[in-house]
Every structure is written in C-alpha cells, then in structure tokens.
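# Residue-level structure breakdown
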Amino acid sequence: MMHEPMSYSSPKSASAAAVGAAMVAAWVIACSAASATEPDPARQQAMIEAGRRLFFDVKLSEPPGTACASCHDPARAFTGDNGSGLPVPRGSRAGMLGTRNTPTAMYLATSPGPGMSEKDGKMVPSGGFFWDGRAATLADQALGPLFSANEMNNRDMAALVAKVAASDAAPLLRQAYGGEVFASTERAGKAITGVLVAFEQSPTLSPFTSKFDAALRGAAKLTEQEERGRTLFMIAQKGNCASCHTVNPDSREPRDSLFTDFGFHALGVPRNKDIARPDVMDLGRCDTLPADAVDRSRWCGWFKTPTLRNIALTAPYMHNGRFATLREAVAFYATRDTNPERWYPGAKFDDLPESLRGNVDVEARPYHRKPGQRPALNDEEIDDIVEFLRTLTDGYAP
C-alpha cells in the first residue's frame, strides 16, 4: 500500500488502478488539507502507531491475506514480491500479478510533488509518486493500492472503513480523530489516509542510520574500497552516478544526500522476459498523460529515479526487475553503450517501440560512449562502487 506494490501496470493495462485513484481523489485532497496543521505529540504518536498497524494488517485486502507489508517487507527495506518469486509481486486474488517491480517505501516522504525541473539545461519531469509519478501527493500514493484490483482489491471506501473499524488500529484512530471518527465514511476515510501518511513520514521509514550517515557524522570511517567506490560514484568521467542519485558533498547532514534527484530518466532498460507480455510495453511517464497532451510521446520510456538508500536490500532492480544483482545493475550503466550485445539479444532499447527509442539518453556520461570503446568503469571499479552502495544500508552499528 505504501509505494507501488502492484500499481505498476501502465494505465493502459491498469484501468482498475485508474478507477481506484478516481474514487479516492476527494479523500486525498481533504487529507492533504487536514495534515497541514501539525498535531500535538500524543496525537501524532497515536497516528503513527495506527498507520503502522494498518500497514501490517492482512485483513484489509479483499480477500484477506495481503497487507501493505506483504509487498513492502521491512526485511527487504520495504520492498518485496508478496511471495510471487518473480520480479513483480502478486495481489490478494489468485493469479493477479503486477507489471512493475516494487520500489522501496523508505524515504518516500522526502519526494516533492510533480512538476518540472532543470536537468543539464533542459526541463524534465520530476517529483510525484510511483515509478511513473502519477500520484501527486503522499496521501494519493498511500491509498491507491488499497483499491487497485491487482493489489488489495477493496471495492470502495465504505468497504475499507468497515474493515478498519474492526481492526486493532480503531482505538488509536478514535484517540487521534475523536470517538465519532467512524460515524461517516468521509470522516473515517480522511482519518485512515492521515494515519497512513503519518507512518510513511515517521523515522521508521526514514531513519538515516547507515554507515554512510555515520561517516558523515564522524562516527565511522569508510574502508579504502568503500572510499574508492564513493569517489568513482561521484566523478563525472567515471560512474557519474551522482548526476541523478544526488549527494551533497559539502554537507554533514544525511538528509542533504537522498541519492535521488526525484527526476525522470530514460535509460533503455532491457526487456525482462520473465514478466514481459508480447502485446504490452511499459511506457512509463507518458502513459500517465492525456492522450492529446502536447509532446506526450517525448516522455515515453521515462521512469522516476529511485533513492539508492538501502539499495543492497532491494533486489531486483529497475522498474521491470531486469537485474537480479546490484553488481549487474551497476555494470549495465557502465557498459550499456560500449557492449550492447551483453544486454540486448537483438535491437538495442528493446523494451520500447522502435519509434520511441530516440527518447533514451545517449548523451549523458557514461552513455555517450560507442560500441567497442572502453567502458567508463572496469570490473574492479564496478566492485568498488557496489561496496560503497552497501554503506547506504540502514541499521549500521559503529
């Protein structure tokens, strides 16, 4: 429920998700307005705990058995597959599968809303929630999977409210919103949204307790290999990773290094045969735009940059789960253009229609290289970057 467990189909193949979003739009707007006032500490704690209990409640799906945590498992940095064993998770109903990899719910609350931002002198999409940025607010994102047919499959808000009223979160909702919180569906819907957002905004999902954070605070020191990896990560002529997974090298405050620019990028990730349907290509950002939108096709193949915090725990990688290991993902960036045969069995950028492959970035480093040229990173340097990325895992004890 928290980020994108199964809303990962593009709108062409997820009309149920679109309907769910429409159903809850009023609740989202109301909740956003209601959350503008900071609650007192006791009420805030009640809201966070209520949201936590709902997050782990397997009775909220239809049929019961699937919780938000089923696809956002804390042991996997709040990602997961709900037992599918595939790069995409299963839903509450038998045979239902998503079409995108579950992104982490950690640090989700740091994302801004949708808009445009400058990147290398060009205006590009940024912000929003889900891989395609279609949710405008954290509240919108939190509610969406509850009503998606591919996910938790609730019929409407009234059906969800009835389940929550019978849950062990109900007393906390009454504490935070008053004894009559379940007197109307509208009031209860606002409260449910409010506590889910409160949990998403809590330190549980944004702890900043990695070795990298400890090093920033002076409580740890990176090994020689980790430090080499950090340098390669930053240098434009090498990994150039920080161009999109941004870091503030001048700040000792972990919150200034979120390892994402919240922007959208077209990487040309190879098609994943394990989940691919012959008649469907996931077009990402452009599928969230109206069919008659100006320059709509320009954004086909663009997906939001995820945070790299806890990346060592969140395999598989990319929106389609194409890469099983972190090393494979880093190697793709370094060798996509110098050794395309390694990644594409046929045509390059094979997960986009031929007419849209021109959208893929072939200018930014290291994508500007040509077949046969030396990759930006050799095998040892790839290993160094992977070791650095492991320092981004929360829960480090100096």
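Residues numbered from 1 in each chain as written. Predicted model: local features only at pLDDT ≥ 70, side-chain atom pairs only at ≥ 80, totals over all residues. Heavy atoms only, no water.

## Here we look at the overall build of the protein
We count it as follows: Going along the chain from the N terminus, every DSSP run of H or I of four or more residues is numbered as a helix, and every run of E of two or more is numbered as a strand. Between the two quantities, the radius of gyration covers C-alpha atoms and the globule rule is 2.2 Å times the number of residues to the power 0.38. For every residue, the accessible area (1.4 Å probe, protein chains only) is compared with the maximum for its type, and the residue is labelled buried under 20%, exposed over 50%, or partly exposed between those bounds. Residues count as neighbours in contact if any of their non-hydrogen atoms are within 4.5 Å of one another. The accessible surface values rely on the Shrake-Rupley method and a 1.4 Å probe; as for residues, cover is taken only from the protein chains in view.
What the protein contains, in helices and strands, is 11 helices and 4 strands. The C-alpha radius of gyration computed for the protein amounts to 21 Å, which stays within 12% of the reference 21 Å derived for 398 residues, consistent with globular compactness. On the principal axes, the C-alpha backbone points of the protein span a range of 70 × 50 × 40 Å. Counting across all 398 residues of the protein, residues that qualify as buried make up 54%. In the protein, the proportion of contacts linking residues at least 24 apart, taken out of those at least 6 apart, comes to 68%. A total accessible area of about 16,900 Å² is found for the protein, and carbon and sulfur atoms account for 53% of it.

## Focus: unusual backbone geometry
The amide bond that connects Glu-62 to the next residue, Pro-63, takes the cis arrangement and shows omega of -5°. Within the secondary structure, Pro-63 sits in the loop between helix 2 (41-55) and helix 3 (68-71). Across the junction of Ala-315 and Pro-316, the peptide omega takes the value 0°, indicating a cis bond. Within the secondary structure layout, Pro-316 lies in the loop between strand 4 (303-304) and helix 10 (326-335).

## Quick notes on the packing of helix 10 against helix 11 (residues 379-390)
Where we set the bar: Lines are fitted to the C-alpha atoms to define the axes, a helix being fitted only along its stretch in contact, and any angle between axes, read from their N-to-C directions, falls within 0 to 180 degrees. Angles below 35 degrees are treated as roughly parallel, those above 145 as roughly antiparallel, those between 65 and 115 as roughly perpendicular, and all remaining angles as oblique. In this scheme the crossing of two helices becomes right-handed for a clockwise turn of the near helix relative to the far one and left-handed for an anticlockwise turn of less than a right angle. Any residue outside Ala, Val, Leu, Ile, Met, Phe, Trp, Tyr, Cys, Pro, Asp, Glu, Lys and Arg is labelled polar, Gly included; the first ten of those are nonpolar and the last four are charged.
The geometry of helix 10 relative to helix 11 is characterised by a closest axis approach of 10 Å and an angle of 125° between their N-to-C directions. Considering their axes alone, helix 10 and helix 11 lie oblique with respect to each other. In the packing of helix 10 onto helix 11, the handedness of the crossing is right-handed. Here helix 10 contributes Leu-326, Arg-327, Val-330, Ala-331 and Ala-334 to the contact with helix 11, which in turn contributes Asp-379, Ile-382, Asp-383, Ile-385, Val-386 and Leu-389. Residues of the contact of helix 10 with helix 11, tallied by class, amount to 8 nonpolar, no polar and 3 charged.

## Some details on the pattern of salt bridges
Inclusion rule: Salt bridges are counted wherever a side-chain nitrogen of Lys or Arg sits within 4 Å of a carboxyl oxygen of Asp or Glu.
In this structure the tally under the stated criterion is 27 salt bridges. Asp-261 serves as the salt-bridge partner of Lys-119, at 3.3 Å between the closest nitrogen and oxygen. On the criterion of sequence distance, the pair formed by Lys-119 in strand 1 (residues 115-119) and Asp-261 in the loop between helix 9 (224-234) and strand 3 (264-265) is long-range, its members being 142 residues apart. Taken as a pair, Lys-119 and Asp-261 share a single burial class, namely buried. Here the residues in one salt-bridge network are Arg-100, Asp-132, Arg-134 and Asp-282, joined through shared partners.

## Concerning helix 4 (residues 138-147)
Buried residues dominate helix 4, accounting for 10 of its 10 residues. Where helix 4 is concerned, the buried positions are Leu-138, Ala-139, Asp-140, Gln-141, Ala-142, Leu-143, Gly-144, Pro-145, Leu-146 and Phe-147.

## A short note on the nonpolar core
Heads up, the condition is: Buried Ala, Val, Leu, Ile, Met, Phe, Trp, Tyr and Cys residues form a nonpolar core when they are joined through side-chain atoms within 4.5 Å.
Counting residues in hydrophobic clusters, the biggest one holds 44 residues, and the most contacted among them are Phe-233, Phe-259, Phe-323 and Leu-389. Taken together, the elements giving at least two residues each to this core come down to helix 8 (211-216), helix 9, helix 10 and helix 11. Top element by residues in this core is helix 10. It accounts for 6 residues. Grouped together as the second largest cluster of nonpolar side chains are 41 residues, Phe-55, Tyr-107, Val-164 and Ala-169 included.

## What about the state of the cysteines?
Note on terminology: a disulfide is the covalent bond linking the sulfur atoms of two cysteines. Short version of the rule: Cysteine sulfurs are considered disulfide-paired once they come within 2.5 Å of each other.
Tallied over the full model, the rule gives 1 disulfide. In this model Cys-241 remains outside any disulfide bridge; the closest cysteine sulfur is found in Cys-244, 9.2 Å from its own.

## Considerations on the environment of Ala-77
Take Ala-77: it is sitting in the loop between helix 3 and strand 1. Taking the C-alpha atoms as reference points, Ala-77 and Ala-315, separated by 238 residues in sequence, lie 9.9 Å from one another.

## Description of the pairing of strand 2 (residues 122-126)
This is how the line gets drawn: Two strands are counted as paired when DSSP detects at least two bridges linking them.
Inspection of the sheet shows strand 1 paired to strand 2 by 5 bridges, in the antiparallel sense. By the bridge assignment for strand 2, Ser-117 is matched with Val-124. What sits between the antiparallel neighbours strand 1 and strand 2 is a turn of 2 residues, in which Asp-120 has the positive phi angle 55°.

## Quick notes on the packing of aromatic side chains
Selection rule: In this analysis, rings of Phe, Tyr and Trp, with Trp reduced to its six-membered ring, are considered paired at centre separations within 6.5 Å, and the interplanar angle assigns stacked below 30 degrees, edge-to-face beyond 60, and tilted for intermediate values. In this scheme, the term charge over a ring applies when either NZ of a lysine or CZ of an arginine sits within 6 Å of the ring centre and within 35 degrees of the ring normal.
All told, the structure shown has 16 aromatic pairs when counted by the stated rule. The side chain of Arg-43 reaches across the aromatic face of Tyr-177, ending 4.7 Å from its centre. For the cation-ring pair, Arg-285 lies above Phe-264, with the distance from its terminal atom to the ring centre recorded as 5.1 Å.

## Here's the deal with helix 2
Keep this limit in mind: Expected span, for any helix, means 1.5 Å times one less than how many residues it has.
Along its 15 residues, helix 2 runs 21 Å from first to last C-alpha, staying within 8% of the 21 Å computed at 1.5 Å per residue. Residues Gln-44, Ala-46, Met-47, Ile-48, Glu-49, Ala-50, Gly-51, Leu-54 and Phe-55 constitute the buried set of helix 2. Packed against the buried residues of helix 2 are helix 3, helix 5 (157-165), helix 6 (170-177) and helix 7 (185-200).

## Points about the packing of helix 5 against helix 7
Following both chains from N to C, one finds helix 5 and helix 7 inclined at 70°, their axes separated by 10 Å at the closest point. By the criterion of interaxial angle, the relationship of helix 5 to helix 7 is roughly perpendicular. For the crossing formed where helix 5 meets helix 7, the hand is left-handed. Contacts between helix 5 and helix 7 pair Met-157, Ala-158, Leu-160, Val-161 and Val-164 from the former with Thr-185, Ala-188, Gly-189 and Ile-192 from the latter.

## Side note on the environment of Arg-296
To be explicit about the condition: We define a polar contact as two N or O atoms separated by no more than 3.5 Å, with the added condition that, inside protein, one atom must be a possible hydrogen donor and the other a possible acceptor, whereas residues neighbouring each other in sequence contribute only through side-chain atom pairs.
By secondary structure assignment, the location of Arg-296 is in the loop between strand 3 and strand 4. Arg-296 gets classed as buried once you look at its relative accessible area, which sits at 18%. A polar atom in the side chain of Arg-296 sits 3.1 Å from the backbone oxygen of Cys-286.

## What about the side chain of Thr-104?
Its location among the elements puts Thr-104 in the loop between helix 3 and strand 1. Taking the relative accessible area as the measure of exposure, Thr-104 reaches 10% and is therefore buried. A distance of 2.6 Å separates a polar side-chain atom of Thr-104 from the backbone oxygen of Ala-77. Among the polar contacts made by the side chain of Thr-104, one reaches the main-chain amide nitrogen of Met-106 at a distance of 2.9 Å.

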